[in-house]
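Breakdown of the fold
Chain residues, written in single-letter form:
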Amino acid sequence: MKKSPPVHRQAETAASFFPVVGIGCSAGGLEALQEFLTHVPEASGWAFIVVQHLDPAHTSALPELLQRITPMTVVEATDGMVIKPDCVHVIPPNADLSLLHGKLHLLEPVAPRGLRLPIDFFLRTLAEDQEARAIGVILSGMGSDGVLGLRAILEKGGLTLVQEPRTAQSDGMPNSAIRDGVADIVAPADALPGRIADFLRHPARSHRHDLTPHPKLLNTLDKIVVLLRDRSGTDFSLYKNNTLQRRIERRMAMHRISAPDEYVHYLRANPHELDLLFKELLIGVTSFFRDPETWAFLRTEAIPPLLAERPSGSALRAWVTACSTGEEAYSLAIVFLEALKEIRPPARFTLQIYATDLDPAAIDRARKGVFPANISADVSPTQLARYFTLEDGRYRINREVREMVVFATHDIISDPPFTKLDFLLCRNLLIYFGAELQKKLLPLFHYSLNSHGLLLLGNSESIGHHEHLFTPLNNKLRLFQRVDDPNSRSALRLPNYATSTNSLTNKPLMDTGTDNLGQLTDQLIQQTFSPAAVLVDGNGDILYISGRTGKYLEPPSGKTNINIHAMAREGLREALTGMILRALKDPQPILLKGLKVGTNGGTQIVDVTVQALQHPEPLRGRVIVVFKDIPTPPARHRQTKLVPADSHNALFQELQQTREALQLTQEEMQTTIEELRASNEELQSTNEELQSTNEELTTSKEELQSVNEELQTVNAELQSKVEDLTWVRNDMTNLLNSTEIATIFLDNDMMLRRFSTHATKLFKLIPGDVGRPLSHIVTDLDYPELRDDASEVLRTLMFQEREITTHDGRWYRVRIMPYRTQDNVINGVVITFIDITEIKRLEAELRRHSAQ
């Protein structure tokens, strides 16, 4: 059909920018598919790909049927076909359909008939190829095909729509999508095209083809982040802005809200929308054994060396972050079990997996361990048979795997990490975080892992500039191993870690290295001062000494103390009191002139300069104390006393210094009082927290009591079952004894499992013979082929019956049958012996009478 010129120009100039709609339905969903296509807006510019469950052995008439009801061109897909707007591309029979760079590719199905999931297969490729332009539609159909495909579209920011189950001829596929939370819009088939058109007409979608964020959101993004934090307790401010903006735009388009301010108002008026936006931002998309090559490498190349380092066995620990509904955590458990089965280590190894996520609903689903039938697309038949149980069309993880995993809600940004780990999986999470948060988390991961622990990231993630913390085991697969780095703690920032505001005590000078410290100090002194000097910290502890300071400082007797206040000589000690703290508060140098410092047998007049340092950066927050000798004035002839004026000035200066020292001491006491008051408040707060913890413990105690009651209930149920089994056993024993039929039960190895009382008349049996081969038991039967016949029955599953005599002339009818369990499993044979001696005697008499 001829297309309008505008559509042709769009296809030629922006072929990769038109929306692509993937439609999945079963063969019985033709009516819903026709309703959908007849309501597509004219010249919409959308491309449609229809994937239907078709009979692989018959030619499909679907293209002809659809062409009758739509003006769009309907074609059957061929290998290499380029998708076009206003065109319906239909999957051919007996083929899987994929999309790459706007071209359709046909693949031969590998799954047997009845297990194929063509809708999931195509929608996944649609999501990877078209990303946010992808639109997935699920119409009438049986089963759960399409759920995984819709999840992939959601992860890429596309749109997912599902037919209202009540209007569907078969509601299996729609109900599965809704139950798994992957449906953005649920409506009747004829209403879905209009909802797509509304979504695509939204300004946030229509103004761009390069997926850049809506510029007006910049002013309201912080408000939305605050609302989310108040609602969920999660701070999204450290997430990438582009990620937040695209997800918010998507929700705005679904509600047909164009102005960001209106959406903020809508959020405040509708708290449920905050919950939906919260789930949207978590992007909870996962699958079993995602990137199979990665899991194969873990099983064969990564896990064996880790086990080899522990020849005596070990209990390993793993942490799976952002686990969503648990597929990745269970995948790790299965791979570990498979690795153990392949290696068969002599020692015992276990793995405890901690799987965490922000979404409580996802954690609840993960704990149940129940998954749709279409996981068969990702899990091999062998793994399904070994680690899953099929229940009501869904797969439940078995107990062995389930007990390896502990699920919990956890915020990786603010909650304390799990530690002493051997495995840490953080796949496709860092890509949504900003650079600062990534720099914080990677040292945290290093802290959490044991030596040689393994870190697995997503395909688009890396360790950045943290090569000193991790070494790649396989860079392509993003698998890294922890490197033991003694300096890693310096870059570590644990969640809720509060740095001190006191720069004087929080920046140890030794971080720069002793040699560098001396070089910087000498350079500063040589450029600015020349006399003797010392470098001290805020407490007065001496960090570096330059020049000869013996005239001013001397070590005190007793325990070593390098504090300047303890080492200062008489006359200097009093003057320096409070000067260091005063210098730290005032950047201007403090000059103390004419101090009389006691020396060995005399005094020395000294000028002292005290100054806090601002530059260079490594010396910031330190104080330099410089000593400068003042020559003693020459004694005047015949004058032995000081001039009264000079004596008065000296006394006045000492008094002034004493006043300043007292004032500083008073300020320090006031500061100490305030600190004590703050500490008291903190203690009160801690006391309240302890009371809260006590209440939580009380609640936990009540919960444990409840669990104990549940266990008692379970114990009572088990006791009841034991009693029932005892009665069943008694009934069976009495039944066998009352029939007077000798019965023997053998296992698959022809070992005696059980026998009735009457069997002891034919075999010399005692209770201790259970577990012995029947051929080892002495018998009265003239039946040497008994074991061979029993083995033949076990092989062919066909019963045998013979008439056998005993050594004393008795006759028995021997019947050998397979032993079947309730699960229809053959587990040995059952042999019955019926005494037919009387029958044989009567037969002999009849023959004798007949002969007469």
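So, here is what we can say about the structure in this document. On a predicted model such as this, the values are computed, not experimentally measured, just so you know.

Conventions used here
Residues numbered from 1 in each chain as written. Predicted model: local features only at pLDDT ≥ 70, side-chain atom pairs only at ≥ 80, totals over all residues. Heavy atoms only, no water. Phe/Tyr/Trp six-rings, centres within 6.5 Å; stacked < 30°, edge-to-face > 60°. Helix = DSSP H or I, 4+ residues; strand = E, 2+ residues; numbered from the N terminus. Buried < 20%, exposed > 50% of the residue type's maximum accessible area, 1.4 Å probe, protein only. Contact = heavy atoms within 4.5 Å. Expected span 1.5 Å × (residues − 1). Axes fitted to C-alpha atoms, helices over the stretch in contact; angles between N-to-C directions. Parallel < 35°, antiparallel > 145°, perpendicular 65-115°, else oblique. Nonpolar A, V, L, I, M, F, W, Y, C, P; charged D, E, K, R; others polar. Pairing = 2+ DSSP bridges. Core = buried A, V, L, I, M, F, W, Y, C linked by side-chain atoms within 4.5 Å. Salt bridge = Lys/Arg side-chain N within 4 Å of Asp/Glu carboxyl O.

Quick look at the packing of aromatic side chains
Enumeration over the complete set of coordinates arrives at 15 aromatic pairs. Between Tyr-330 and Phe-407, the ring centres sit 5.5 Å apart and the planes meet at 65°, which makes this aromatic pair edge-to-face. Of this pair, Tyr-330 sits in helix α14 (residues 327-343) while Phe-407 sits in strand β15 (residues 405-409), and the two are 77 residues apart along the sequence. Side by side, Tyr-330 and Phe-407 carry an identical accessibility label, which is buried.

Describing the side chain of Asp-184
Take Asp-184: it is sitting in the loop between α6 (172-179) and β9 (185-187). For Asp-184, a relative accessible area of 18% translates into the label buried. Look past the residues within four positions of Asp-184 in its chain and what remains in contact with it is Leu-154, Gly-158, Leu-159, Thr-160, Arg-250 and Met-254.

Considering α14
Between its first and last C-alpha, α14 extends 24 Å over 17 residues, near the 24 Å set by a 1.5 Å rise per residue. In terms of burial, α14 is largely enclosed, as 14 of its 17 residues are buried.

Some words on the packing of helix α9 (residues 221-232) against helix α10 (residues 241-254)
Between α9 and α10, whose axes approach to 11 Å, the crossing angle comes to 80°. In this view, α9 runs roughly perpendicular relative to α10, as classed from their interaxial angle. In contact with Leu-221, Ile-224 and Val-225 of α9, α10 contributes Asn-241, Leu-244, Gln-245 and Ile-248. Split by residue class, the contact of α9 with α10 holds five nonpolar, two polar and no charged.

Here's the deal with the sheet that holds strand β25 (residues 742-746)
Strands sit in the order β26-β25-β29-β28-β27 across an open sheet of five strands; the sheet is antiparallel. What marks the edges here is a single partner per strand, and that holds for β26 (752-755) and β27 (800-805). On average, each strand axis in the sheet is tilted by 20° relative to the strand beside it, whichever way the strands run. Across six bridges, β27 lies against strand β28 (residues 811-820) in antiparallel orientation. Within β28, the position partnered with Ile-804 by the bridge is Tyr-812.

Focus on unusual backbone geometry
In this structure, Asp-291 is a non-glycine residue whose phi angle is positive, near 60°. Looking at where Asp-291 falls in the secondary structure, it is placed in the loop between α12 (271-282) and α13 (292-308). The class of Asp-291 is partly exposed, set by a relative accessible area of 26%. A positive phi angle, near 60°, is found at Asn-428, a position not held by glycine. Tracing the backbone shows Asn-428 in the loop between β16 (421-426) and α18 (435-448). For Asn-428, a relative accessible area of 21% corresponds to the partly exposed category.

Considering the nonpolar core
Within the largest apolar cluster, 48 residues are counted, with the highest numbers of intra-cluster contacts made by Phe-336, Leu-351, Ile-353, Phe-388, Val-405, Phe-407 and Phe-423. Of all the elements, α14 adds the most residues to this core, at ten residues. Apart from the residues within four sequence positions on either side, Phe-336 is in contact with Ile-303, Leu-307, Leu-316, Phe-349, Thr-350, Leu-351 and Met-404. Residues Ile-248, Tyr-354, Leu-421 and Leu-429 belong to the second largest nonpolar core, which totals 43 residues.

Re the pattern of salt bridges
Under the defined criterion, the tally for this structure stands at 32 salt bridges. Linking Asp-198 and Arg-201 is a salt bridge whose minimum nitrogen-to-oxygen distance equals 2.5 Å. A residue pair is termed a helical-turn pair when its members lie 3 or 4 positions apart in one helix, as Asp-198 and Arg-201 do in helix α7 (residues 192-201) at three residues. Of the charged contacts in the structure, one is a salt bridge between Asp-275 and Arg-231, with a shortest N-O distance of 3.0 Å. Of this pair, Asp-275 sits in helix α12 while Arg-231 sits in helix α9, and the two are 44 residues apart along the sequence. Connected through shared salt-bridge partners, Glu-801, Glu-803, Arg-813, Arg-815, Lys-840 and Glu-843 make up one network.

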